[in-house]
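Per-entry structural report
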Amino acid sequence: MKEVKIMKNDEKKRVREMMLSDYLGEFYHCFHCHLCTVADWHSLDRWLPICPTFAYYGFESFSAAGKVEIARALVEREINDVTPRIAQIIFSCTGCGACFEQCRELTGFKANHTEIFEDLKENLVERGHALPKHIGFAKSIEENHNPYYEPHEARFEWLEEGLAKDEGVVYFAGCTSSYREQQIAKSTVRSLDAADIPFRVLEEDEWCCGSPLLRTGQREKAKETARHNVEAIKKTGAKTVITSCAGCYRVLKSDYPKLLGLRRLAFDVVHSSQFFTSLIDEGKVKFDDKIDMTATYHDPCHIGRHMGVYGEPVYEEPRKVLEEIGVDIVEMPRNRENAWCCGSGGGVKSAFPDFSLWTAGERVKEAESVGVDTIVTSCPFCVRNLTDAVEESGKPFKVYDLSEILSEALK
Amino acid sequence: MRAKKIERELVQILGEENVSSDVGDLIPFERDDQFALVPPHRPDIVVMPSTREEVQEILKLANRHKVPVVPLASGINRKGLCIASKGGILLDLRRMNRILEINEEMMTATIEPGVSFGQLVKEARKKGFRVITPYAPSTASVLANYMLRGIYGTATRYGIDHLINIEVVLPDGAILQTGSAAFNQSLPYCNIVNGPDLCKLFQANPGTLGVVTKGVIRLYEMPEVIEPLIALYPDYASMVEPSIEMTRRNLVASCWPMMFTGAAMKILTDFMEEDIYMMWLYLEGDRGQVERDKEAVEKITERYNGFFLPEVPMLDRDTMIKDQIWERTSVKGWKGGNMYGCSFYGVMKSVTRYYEVTREISKRHGFDAFHYESVPVAPFHGQLTYNDPCIFWDASDTEQVKEIREIHEEIKRSLVDIGIYGWFRPFPSVVDTSKLGRYGEMWRKIKELIDPNAIMNPGKPPL
Ligand SMILES: Cc1cc2nc3c(=O)[nH]c(=O)nc-3n(C[C@H](O)[C@H](O)[C@H](O)COP(=O)(O)OP(=O)(O)OC[C@H]3O[C@@H](n4cnc5c(N)ncnc54)[C@H](O)[C@@H]3O)c2cc1C
């Protein structure tokens with residue numbers, strides 16, 4: 001293994017550099033085959049791109065192989081100055097994990113690219129290269145406990161009176177559903193109510209889960225919010241937390257234990273699609289009047305590929321719920337492990353709106369290519385970006401969150 | 001000053017979004033898998049043209065300023081061939097990725113250099129054709145690979161020459177068409193008219209004579225049946241005669257005699273630790289032909305003490321067939337980290353010696369994870385065989401880097417002593433044109449004639 005020089009006079013920096021430098025051996029094992037940029041053509045029998053940044057920007061630097069070389073050069077001190085272009089290259093990665101999904105099956109490269117690139121983002125943040133948009137939402141999270149510059153008091157304004165109880169499972173609504181995509185939060189609680197599931201919300205104790213911070217290299221700042229949320233959930237005594245947000249799900253379930261140095265949390269975290277699948281399996285929920293709908297399903301990266309690495313991917317549950325409801329699912333060529341990212345994650349939607357919208361537009365085109373006019377997904381952030389792309393295209397396309405279809409079916 | 005001026009001119013040609021001299025865009029090009037043998041070096045600027053006209057303008061500018069130009073079609077050659085050893089312009093051709101024509105009558109495809117095998121296979125299949133593919137990542141450029149003369153899954157039956165004509169932008173910006181395209185651009189499907197085949201002159205020159213902007217390649221009928229078989233043998237020597245017989249009788253489309261040491265098998269499978277000698281065979285054709293060929297292949301295998309492996313999970317039939325059509329999904333040979341290879345052409349009857357010598361060198365230097373393959377190539381006159389001694393190693397270990405450099409020199413010397421035809425692909429750490437006598441001299445003179453300012457990919461053979 002190559003020797004790595006470590007800055008002595010800056011303890012914090014040392015810790016982070018150590019983390020990035022831990023991958024150095026693996027950096028030498030990437031031989032630039034670029035298979036990380038294409039969906040698995042053997043199983044798909046098609047040739048389709050899978051890395052949004054490389055597909056959009058085109059320069060080698062934006063591919064996973066390119067970023068690995070930049071990481072190596074930083075660790076080996078071949079470059080000391082981070083240029084604005086390097087910041088653009090690193091921060092425009094949506095962190096969708098598609099590169100690792102391809103690479104881990106095919107090559108000897110053993111490190112997880114998504115983790116490397118998040119550490120790389122953190123490295124850049126520590127060097128003072130955080131992007132203004134990311135600094136902005138981090139400040140808002142600190143002040144308002146949400147990244148949208150919205151007042152914290154307004155967090156649960158969407159909640160109809162009398163629905164939430166002081167018992168049962170905790171519904172962790174998340175910032176996007178609380179402030180931007182309220183129909184998702186409303187439908188989720190209506191569905192819980194319709195299924196006779198007592199639930200509560202954390203009210204003023206629900207803070208941003210920290211996903212926007214973690215995914216943009218601001219890990220230290222995410223610790224406080226993680227600690228707070230874990231304590232707040234613990235105080236309720238609930239054993240189960242339900243999220244309808246893919247980002248919150250991944251963070252609560254997989255990042256919190258790591259961030260807080262815990263072996264496991266005192267409660268179980270489930271995505272709403274998993275929760276309702278269990279209810280269906282147990283016969284507690286039935287859909288007598290089936291919905292007549294044909295749609296495609298978009299797999300959000302955070303419950304799909306990411307959880308495939310850190311636990312169990314949530315691919316089948318949303319599909320099962322939709323099928324039970326009566327939705328005829330027509331799969332897009334790139335689905336499950338091979339899903340094309342919606343383009344909004346990793347702080348990309350705020351910092352690189354054009355690229356983000358293009359990525360979502362590509363997904364809408366793919367949905368169109370299978371002859372449907374409806375996309376269902378399980379993530380408020382995917383809903384937002386796909387809806388923006390639909391609006392931009394001016395096409396009569398519909399984008400729903402699974403919870404919306406579910407609550408309609410349970411009416 | 002000069003660099004800034006050149007950059008400004010390039011921006012004028014290509015627009016700002018296709019030009020970068022930022023260190024972040026340059027670092028990814030500074031080294032490749034072969035960095036132990038071809039030292040890393042950064043280009044000064046990277047450009048991404050989309051048209052032939054843009055390439056012409058770039059070359060004119062580079063020639064005027066005497067700035068090196070390194071073409072790159074997909075950059076996965078593993079032989080240091082796209083390393084800008086003298087800096088200059090990295091000409092990334094991936095935006096030139098149009099399939100210009102798939103001609104069903106002529107059985108050809110006309111493509112740009114950025115077209116990957118995966119992309120072409122997909123389009124050709126729509127019309128029932130097959131592309132001859134290497135067992136390489138499907139991301140590789142078809143034209144770059146055919147220009148470098150690759151080795152293909154089906155080399156035993158279909159050989160290695162699948163390029164008909166090319167269009168080249170010469171260092172002065174002029175355009176050269178080869179073969180029938182020189183005479184009649186609407187009929188570019190023939191290479192053997194109008195004097196010598198100039199396409200061949202450009203082949204196996206790694207971007208050192210000009211930039212290929214278009215090529216006409218051969219497509220083939222998709223066989224009705226593809227039947228993969230794996231035969232195991234007691235040792236390498238036992239595989240030589242059956243390979244010769246199967247090739248001469250044209251029984252197999254692919255014949256890949258290979259060996260993996262136990263240490264290599266452990267890396268690849270996690271559970272097997274035995275040395276293994278095996279032949280990957282693909283029978284192809286209509287059902288009747290495949291049945292007849294299979295019968296003959298079975299008899300030959302038995303006669304030489306081989307036996308057939310039942311289907312195993314890692315090498316299931318479906319994956320093997322897709323490997324043959326689409327190229328590999330798998331680059332699992334790299335599971336151990338890195339892979340050293342020094343491929344060459346030799347004579348089939350000598351492969352046991354090539355194998356024994358290279359394995360011994362590898363072992364002596366402490367590398368037990370070793371792999372060897374020797375593929376008979378059509379036409380098989382001269383017992384033409386592609387050989388590749390491979391060593392699994394770890395490039396992050398500086399000690400191993402040193403050892404690999406020594407091994408490389410030893411392997412080259414020993415193989416020359418045994419007698420080989422020459423090196424597969426001209427890459428900087430193997431070809432020494434001074435050892436080629438008049439031929440080498442002539443090669444250099446041709447280079448000087450076409451590229452007097454030596455701007456094209458300097459540091460690569462022949463200069
Ligand atoms: C795991 C693995 C396995 C492989 N197995 C095989 C195999 O079985 N058979 C095989 O044949 N190959 C194999 N290869 C090599 C690979 O298939 C590449 O296609 C091939 O080496 C060319 O690389 P490339 O397409 O990336 O071209 P590049 O690396 O982009 O270019 C290669 C050379 O061609 C020059 N060049 C590129 N484009 C142009 C142009 N338009 N005009 C002029 N010069 C140009 C470049 O300057 C460079 O010198 C393997 C590679 C890997 C990583």
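If you're wondering where the values come from, they're calculated on a predicted model, not measured in any experiment. (Residues numbered from 1 in each chain as written. Chains lettered and ligands numbered in written order. Predicted model: local features only at pLDDT ≥ 70, side-chain atom pairs only at ≥ 80, totals over all residues. Heavy atoms only, no water.)

1. Focus: the UniProt feature "domain: Cysteine-rich" (unreviewed entry) in chain A
Here, the residues flagged by UniProt with the feature "domain: Cysteine-rich" (unreviewed entry) are residues 169-252 and 296-386 of chain A. As annotated, residues 296-386 of chain A comprises 48% helix and 10% strand, and the C-alpha atoms at either end are separated by 13 Å. (UniProt positions renumbered as here; feature names shortened; annotations may be inferred. Helix = DSSP H or I, 4+ residues; strand = E, 2+ residues; numbered from the N terminus.)

2. Let's talk about the sheet that holds strand β1 (residues 19-20) of chain B
All names here are of chain B. Strand order in the open sheet formed by four strands is β1-β2-β4-β3, and the pairing between neighbours is mixed. Among the strands making up the open sheet, the edge pair consists of β1 and β3 (69-72). Of the strand pairs in this sheet, β3 and strand β4 (residues 89-92) are connected by four bridges, and their pairing is parallel. Paired with Val69 across the two strands is Ile89, which belongs to β4. (Pairing = 2+ DSSP bridges.)

3. Focus: the interface of chain B and chain A
Bring the parts together and some accessible area is lost; that lost area is often taken as the interface size. Listed per partner, the contact involves 50 residues of chain B and 43 residues of chain A. Here chain B and chain A share seven salt bridges between them. With its nearest N and O atoms 3.3 Å apart, the salt bridge here joins Arg125(B) to Asp45(A). Summed over the shared surface of chain B and chain A, the number is 17 residue pairs in polar contact (both at pLDDT 80 or more). Mapped by element, the contributors of at least two residues to the side of chain B that touches chain A are β1, α2 (23-26), α4 (117-126) and α12 (317-326) of chain B. Taken together, the residues that form the side of chain B that touches chain A break down as 14 nonpolar, 17 polar and 19 charged. (Contact = heavy atoms within 4.5 Å. Salt bridge = Lys/Arg side-chain N within 4 Å of Asp/Glu carboxyl O. Polar contact = N/O pair within 3.5 Å; in protein donor to acceptor, adjacent residues only side chain to side chain. Nonpolar A, V, L, I, M, F, W, Y, C, P; charged D, E, K, R; others polar.)

4. Looking at helix α20 (residues 380-393) of chain A
Residues and elements named next belong to chain A. In this model, α20 (14 residues) spans 20 Å end to end at C-alpha, consistent with the 20 Å of a helix rising 1.5 Å per residue. If you check which residues of α20 are buried, you get Pro380, Cys382, Val383, Asn385, Leu386, Thr387, Asp388, Ala389 and Val390. Count one or two residues on from α20 and you reach Gly394, which has phi positive near 70 degrees. (Expected span 1.5 Å × (residues − 1). Buried < 20%, exposed > 50% of the residue type's maximum accessible area, 1.4 Å probe, protein only.)

5. Observations regarding the environment of Glu227(B)
Residues and elements named next belong to chain B. Note on placement: Glu227 falls in strand β12 (residues 225-233). Leaving out residues up to four positions away in the same chain, Glu227 has contacts with Leu281, Tyr282, Leu283, Val290, Lys294 and Arg317. Of note is the side chain of Glu227, whose polar atom sits 3.5 Å from the side chain of Arg317.

6. Points about the nonpolar core
Counting 99 residues, the largest nonpolar core has Phe27(A), Met246(B), Tyr340(B) and Trp393(B) as the members making the most contacts within it. It is helix α5 (residues 64-75) of chain A that contributes the most residues to this core, eight residues altogether. Among residues more than four places away in sequence, those in contact with Trp393(B) are Ala36(B), Gly336(B), Gly337(B), Asn338(B), Met339(B), Tyr340(B), Phe367(B), Gln400(B), Val401(B) and Ile404(B). Among the nonpolar cores identified, the runner-up in size contains 90 residues, and Tyr148(A), Tyr249(A), Val251(A) and Phe397(A) belong to it. (Core = buried A, V, L, I, M, F, W, Y, C linked by side-chain atoms within 4.5 Å.)

7. Considering the pattern of salt bridges
Residues and elements named next belong to chain B. All chains considered together, the criterion is met by 67 salt bridges over all chains. Arg364 is the salt-bridge partner of Glu410, the closest N and O atoms lying 2.8 Å from each other. Residue Glu410 is found in helix α14 (residues 398-418), and its partner Arg364 is found in helix α13 (residues 351-364); the two are separated by 46 residues along the sequence. Looking at Glu410, the relative accessible area reads 16%, which means it is buried. Arg364 gets classed as partly exposed once you look at its relative accessible area, which sits at 47%.

8. Details of a negative patch on the surface
All names here are of chain A. On the surface, Asp166, Glu167, Glu203 and Glu204 cluster together into a negatively charged patch. Take Asp166: it is sitting in the loop between α9 (132-144) and β1 (169-172). Since its relative accessible area comes to 74%, Asp166 is described here as exposed. (Patch = residues over 30% accessible without salt bridge, like charges linked within 9 Å, V, L, I, M, F, W, Y side chains within 5 Å. Areas by Shrake-Rupley, 256 points an atom, 1.4 Å probe, with all protein chains shown as cover. Lys, Arg positive; Asp, Glu negative; His and termini not counted. Charge placed at Lys NZ, Arg CZ, Asp CG, Glu CD.)

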